[in-house]
Amino acid sequence: MSKLGNIGARLYRGEVGYDFIGKRKIWYGLSILITITAIVGLAVRGLHMGIEFSGGAVFTTPKTSVSASEAQHQAESAAGGHQAVVQKLGGGALRIQISGLDTKQALPVQEELAKDLNVQVKDVNTQLVGPSWGEQIANKAWLGLGIFMVLVVLYLAIAFEWRMALAALVALIHDLTITVGVYALVGFEVTPGTVIGLLTILGYSLYDTVVVFDSLKEGSKDITKQTRFTYSEIANRSINSTLVRSINTTVVALLPVAGLLFVGGGVLGAGMLNDISLALFVGLAAGAYSSIFIATPLVADLKSREPQMKALAKRVKAKRAAAAAKEANHEGPRADAEDADAEDADGAAVVGPRQQPASRNRGRGRPSGKRR
């Protein structure tokens, strides 16, 4: 068995573990700090909405020797200051997106681009995108997100309980806020691919959370009939028992997404991959974090406030105190006897054999000697 597999087995059996629940205030503080940073970035920089949402024109040029940066400068100059996004296509062609252009403005920009790029006007393909189409996509995305949230809460409330449903909802909102904030800070374009990525990460985040909740539900069955563990301790054992599984699942999911983001979008310059890959990468990492450090500790907090769980915690504490006192009382005479033996060993030599316990002679009847 590998070292990681051995650690996972020991975590599952409860032989080792980390106190996630006990340090939950640290995780809460860290999450609040990250969330505030994301909200501030969203408020200050805002989202860079793609042409599908803001409307505009898309110009596709034939092969040209002009670089993408030069084409962007020329496009923004031709469009009178409108922001342009230029992507290099295969064969040296360019795809130029300019937001905010209408039909009347598109034709002069097309002619100016053809002149600056030294190509024929008829070879520059122009496609107009109206903002109403992007608005429809946004509305449908919000509707799908709302329906998804309602169904998730109902399912978790039925399959588990309302506290777990509430904790999962908080974790999902946490993941979405961080992902959108990162988009604002990085400055990537928000496109339909971004919307797809945001909706996809909700499933991954919920999967990790449900895995831990299922283990917690199994471990807390008939919890009030025992006095070995409190609810928070069982919740912590549930996290530890599924920790390696969550890490393996997240790493395996992040590897191809990282390839799309850093290799495809960064090294190869395939900018269209950035829209969905950034949302997936940030969302997967945030989802794994929230399922371990946010959702389950929040359930433990809510559950521990119940009168039954408070009474259980008192019984567990009382039993452990009684066991500690009993152990201390048993170790007292034993420690005194050991100290006495040590004094005999370190002191003067004892003449003759030590006195044997009476039980040894009692079993022999009479002392050894000649038979009559």
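Cut-offs applied
Residues numbered from 1 in each chain as written. Predicted model: local features only at pLDDT ≥ 70, side-chain atom pairs only at ≥ 80, totals over all residues. Heavy atoms only, no water. Helix = DSSP H or I, 4+ residues; strand = E, 2+ residues; numbered from the N terminus. Buried < 20%, exposed > 50% of the residue type's maximum accessible area, 1.4 Å probe, protein only. Contact = heavy atoms within 4.5 Å. Areas by Shrake-Rupley, 256 points an atom, 1.4 Å probe, with all protein chains shown as cover. Salt bridge = Lys/Arg side-chain N within 4 Å of Asp/Glu carboxyl O. Axes fitted to C-alpha atoms, helices over the stretch in contact; angles between N-to-C directions. Left-handed = near helix turned anticlockwise from the far one by under 90°. Nonpolar A, V, L, I, M, F, W, Y, C, P; charged D, E, K, R; others polar. Patch = residues over 30% accessible without salt bridge, like charges linked within 9 Å, V, L, I, M, F, W, Y side chains within 5 Å. Pairing = 2+ DSSP bridges. Expected span 1.5 Å × (residues − 1). Arc of directions from axis to C-beta.

Q: I'd like a description of the overall build of the protein, backed by residues and values.
A: Within the protein one finds 13 helices and 6 strands. Each of the 372 residues in the protein was classed as buried or not, and the buried ones make up 38%. For the protein, the share of sequence-separated contacts (at least 6 apart) that also reach a separation of at least 24 residues comes to 76%. For the protein, the accessible area works out to roughly 21800 Å², and carbon and sulfur atoms hold 60% of it.

Q: I'd like a rundown of the environment of His73, residues and numbers included.
A: Tracing the backbone through its elements, the reader meets His73 in helix α4 (residues 68-78). When the C-alpha atoms of His73 and Ala84 are compared, they prove to be 8.1 Å apart, with 11 residues separating the residues in sequence.

Q: If you had to explain the pattern of salt bridges to someone new, which residues and values would you point to?
A: Enumeration over the complete set of coordinates arrives at 6 salt bridges. Among the salt bridges present, the one from Glu233 reaches Arg320, with a minimum N-O distance of 2.8 Å. Within this pair, whereas Glu233 is found in helix α9 (residues 231-241), its partner Arg320 is found in helix α12 (residues 307-346), the two being separated by 87 residues in sequence. Glu233 gets classed as partly exposed once you look at its relative accessible area, which sits at 26%. For Arg320, a relative accessible area of 40% corresponds to the partly exposed category. Between Glu306 and Lys303 there is a salt bridge, with the nearest N and O atoms lying 3.5 Å from each other. Just as Glu306 is buried, Lys303 falls in that class too. The network of salt bridges with common partners includes Glu161, Arg163, Lys303 and Glu306.

Q: Please provide a residue-by-residue account of the packing of helix α7 (residues 162-186) against helix α8 (residues 192-219), values included.
A: Packing of α7 against α8 leaves a shortest axis separation of 10 Å and a crossing angle of 145 degrees. By crossing handedness, the relation of α7 to α8 is classed as right-handed. Residues Met164, Ala167, Ala168, Leu172, Asp175, Leu176, Thr179, Val180 and Tyr183 of α7 form the contact with α8, whose own contacting residues are Thr194, Leu198, Ile201, Leu202, Ser205, Leu206, Thr209, Phe213 and Leu216. Among the residues forming the contact of α7 with α8, the class breakdown is 13 nonpolar, 4 polar and 1 charged.

Q: Account for the side chain of Thr194, with residues named and values stated.
A: In this structure, Thr194 sits in helix α8. Apart from residues no more than four positions distant in its own chain, Thr194 is found in contact with Tyr183, Glu189, Asp275 and Ala279.

Q: Any details on a nonpolar patch on the surface? Residues and values, ideally.
A: Among the surface-exposed residues, Leu143, Ile147, Val150, Leu151 and Leu154 lie close enough to one another that they form a single nonpolar patch of about 490 Å² accessible area. Mapped onto the fold, Leu151 is located in helix α6 (residues 131-159).

Q: Pulling in residues and values, what's your account of unusual backbone geometry?
A: The phi angle at Asn118 is positive, at roughly 60 degrees, despite the residue not being glycine. When you line up the elements, Asn118 lands in the loop between α5 (103-117) and β5 (125-129). Classification of Asn118 by relative accessible area gives exposed; the value is 70%. Positive phi outside glycine occurs at Asp222, with the angle close to 55 degrees. Positionally, Asp222 belongs in the loop between α8 and α9.

Q: For the sheet that holds strand β4 (residues 94-99), give the residues involved together with the corresponding values.
A: The strands making up a sheet are joined through hydrogen bonds of the backbone, oriented either antiparallel or parallel. Taken in spatial order, the 4 strands line up as β3-β4-β2-β5 in an open sheet, and their pairing is antiparallel. Strand pairing shows two members of the sheet lacking a second neighbour, β3 (84-88) and β5, which therefore form its edges. Between one strand axis and the next, the sheet turns through 15 degrees on average, direction left out of account. Where strand β2 (residues 56-61) and β4 come together, 6 bridges link them in antiparallel fashion. From the neighbouring strand, Thr61 faces β4, where its bridge partner is Leu94. Across the sheet, α4 lies against β3 and β4, angled at about 150 degrees from β3, the strand it touches most. Across the sheet, α5 touches β2, β4 and β5, and the angle it forms with β2 is around 25 degrees.

Q: Residues and numbers for α5, please.
A: In this model α5 runs 21 Å from its N-terminal to its C-terminal C-alpha over 15 residues, within 8% of the 21 Å that 1.5 Å per residue would give. Every buried residue of α5 is accounted for by Ala106, Val109, Gln110, Leu113, Ala114 and Leu117. Along the long axis of α5, the arc covered by the buried residues comes to 135 degrees, so they all point the same way. Among the exposed residues of α5, those pointing more than 90 degrees away from its buried face are Lys104 and Lys115. Check the buried side of α5 and you find it contacts β2, α4, β4 and β5. Of the residues one or two after α5, Asn118 is the one with positive phi, at around 60 degrees.

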